[in-house]
Amino acid sequence: MTAWTKEIGLALLLLLAISVIGGLTGFFIPLLFLLIISLLIWQVVQINRFERWISKGGRGKYPKAKGIWEDIYYHVYLIKKSEKKRKKKLGKIIDQFRKSTDALPDAAVVLGKEDEIEWANTAAKNVLGLQPSDRGQRIPNLIRFPIFVRYLKSGLFNESITMPSPTNSNITLTVKVVSYGAGLRLLLAQDVTQLRKMEQMRKDFVANVSHELRTPLTVLKGYLETLQELDEPLSPLLSHSFQQMHEQTERMQYLVDDLLLLSNLETQPKKTHCVDIPALLSKICKETENLNNSAGRIELTLETNTHIYGDEQELRSAFSNLLGNALKYSPKESKVQVRWQQTPVNLVLDVIDKGEGIAESEIPRITERFYRIDVKRANKVSGTGLGLAIVKHVLLRHDARLVVTSELYKGSTFSCCFPSERAC
Ligand code: ADP
């Protein structure tokens, strides 16, 4: 029997007793009234006891009660108990999270809707110079680097930014913001000084080696050409050896030139002026055709006469590489289309060939340095594996991107998409 049925049973029993006594004594109505009043008073007392217990947080064991009230106390007690358990578990998780973030060498700061600091780990003190007393303060008031303030204001957190540490200008930090929850943001700052130093060393090393190799290679190539042009007839073995040596020296020279170009793209400041793209393309198409013995293969379509801001030398390298590839990797008799056009959002240069195409899985890799698809086949076609890496870098420096669409044995389209704002 449940507490409710017991309670109703008791009320009915009392009603029955009153009916009998009332019937015998003739006081049924007053007795019924007395019963209702007593039951009401009893319930009010119980509610009052319950209210006093719950207002004290319902802590500890609940007071002794009878009937339905015992059940109510018991259920509330169980809810409280499980809530306490849940709170304890949550507290433990938060504690573990804090301990682990405190052990991190990177700074982690939780920011509120107004960029105010809600919480920061220990590393935030060393890396960003934030003190525990800074909690509640707006972070742009504490870290005032314009690049940082602009980044926070922009709300564009796909990329990270690089800035000096507010505590030590010799330390370089990368800062990234991750949005989560309702308006909350987690700011992460990592010390990348060592990484940057090593990157710089690598760049300097490649630049120096390429530069130093240029002169010996030129001398070597010069002597080889002189030897090949001698009037005295050479034995077939010597003639073949000179030919091979000449080819390999030339290949090395291309490699060194490409490496130097890449290293310049990484280190030199950008030079921008208004570049006449239609004129540049006409020139490159002619030069590339001559250089590759491919007269009449390139069809140039200029759908727009728009010029863009950029570095002519760099754009020439990128476009020449794309055109050279289109001719190299397609049959000798096939045409290559070059199209300069304006789309609603971009200015686009398309280089379209009907060549061997590129498998979908290879497309993301072709712009990596020294990456050549199917090395055996690629070795038959001259190249350094640096051409598309140069294209990618040049486009990056022009806020543009390279889009490659290709189908095996049908052909490829390499599109350089420049933002319309570059038009001049
Ligand atoms: P490479 O000096 O080998 O041409 P790139 O960096 O220019 O180096 O190109 C990387 C690889 O991408 C090439 O080895 C080639 O396999 C592939 N590739 C580039 N352009 C094309 C194209 N138009 N058609 C098919 N494959 C291409």
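Just so we're clear, the structure is a prediction, and the values are computed from it rather than from any experiment. (Residues numbered from 1 in each chain as written. Predicted model: local features only at pLDDT ≥ 70, side-chain atom pairs only at ≥ 80, totals over all residues. Heavy atoms only, no water.)

Under the counting rule described, the total for this entry stands at one disulfide. The disulfide partner of Cys274 is Cys424, and the gap between their sulfur atoms is 2.0 Å. Between Cys274 and Cys424 the disulfide shows an S-S torsion of about 95°. By sign, it is right-handed. With Cys274 in strand 6 (residues 273–275) and Cys424 in the segment after strand 12 (411–419), this pair connects stretches of sequence that are 150 residues apart. With no disulfide of its own, Cys417 lies closest to Cys416 among cysteine sulfurs, the gap being 7.4 Å. (Disulfide = S-S within 2.5 Å. Helix = DSSP H or I, 4+ residues; strand = E, 2+ residues; numbered from the N terminus.)

Attention shifts here to the site of the ligand. Around the ligand, 20 residues are found, and the nearest of them are Asn325, Tyr329, Arg372, Thr384 and Leu388. Within the backbone of Gly387, a nitrogen or oxygen atom sits 3.3 Å from an oxygen atom of the ligand. Leu388 is positioned with one of its backbone polar atoms (N or O) 2.8 Å from an oxygen atom of the ligand. Isolated, the ligand exposes 520 Å² of accessible area, and the fraction of that covered by the protein chains is 99%. Of all the cavities here, the one that holds the ligand is the largest pocket. For the shell around the ligand, the secondary-structure elements that each account for two or more residues are helix 10 (312–328), helix 12 (387–397) and strand 12. Per-element tally for the shell around the ligand: the top contributor is helix 10, with three residues. Of the residues assigned to the shell around the ligand, the class counts are nine nonpolar, seven polar and four charged. (Near = heavy atom within 4 Å. Polar contact = N/O pair within 3.5 Å; in protein donor to acceptor, adjacent residues only side chain to side chain. Areas by Shrake-Rupley, 256 points an atom, 1.4 Å probe, with all protein chains shown as cover. 1 Å grid on protein atoms, 1.4 Å probe; cavity = no way out; pocket = protein on both sides within 12 Å on 5 of 7 lines; lining within 4 Å. Sits in = over half its atoms within 2 Å of the grid points. Nonpolar A, V, L, I, M, F, W, Y, C, P; charged D, E, K, R; others polar.)

In this model helix 3 (residues 68–103) runs 53 Å from its N-terminal to its C-terminal C-alpha over 36 residues, within 8% of the 52 Å that 1.5 Å per residue would give. Three or more residues of helix 3 are buried, namely Ile68, Trp69, Tyr73, Val76 and Thr101. (Expected span 1.5 Å × (residues − 1). Buried < 20%, exposed > 50% of the residue type's maximum accessible area, 1.4 Å probe, protein only.)

Here we take up the side chain of Arg422. The residue Arg422 is located in the segment after strand 12 in this model. In terms of polar contacts, Arg422 uses its side chain to reach the backbone carbonyl oxygen of His398, at 3.0 Å.

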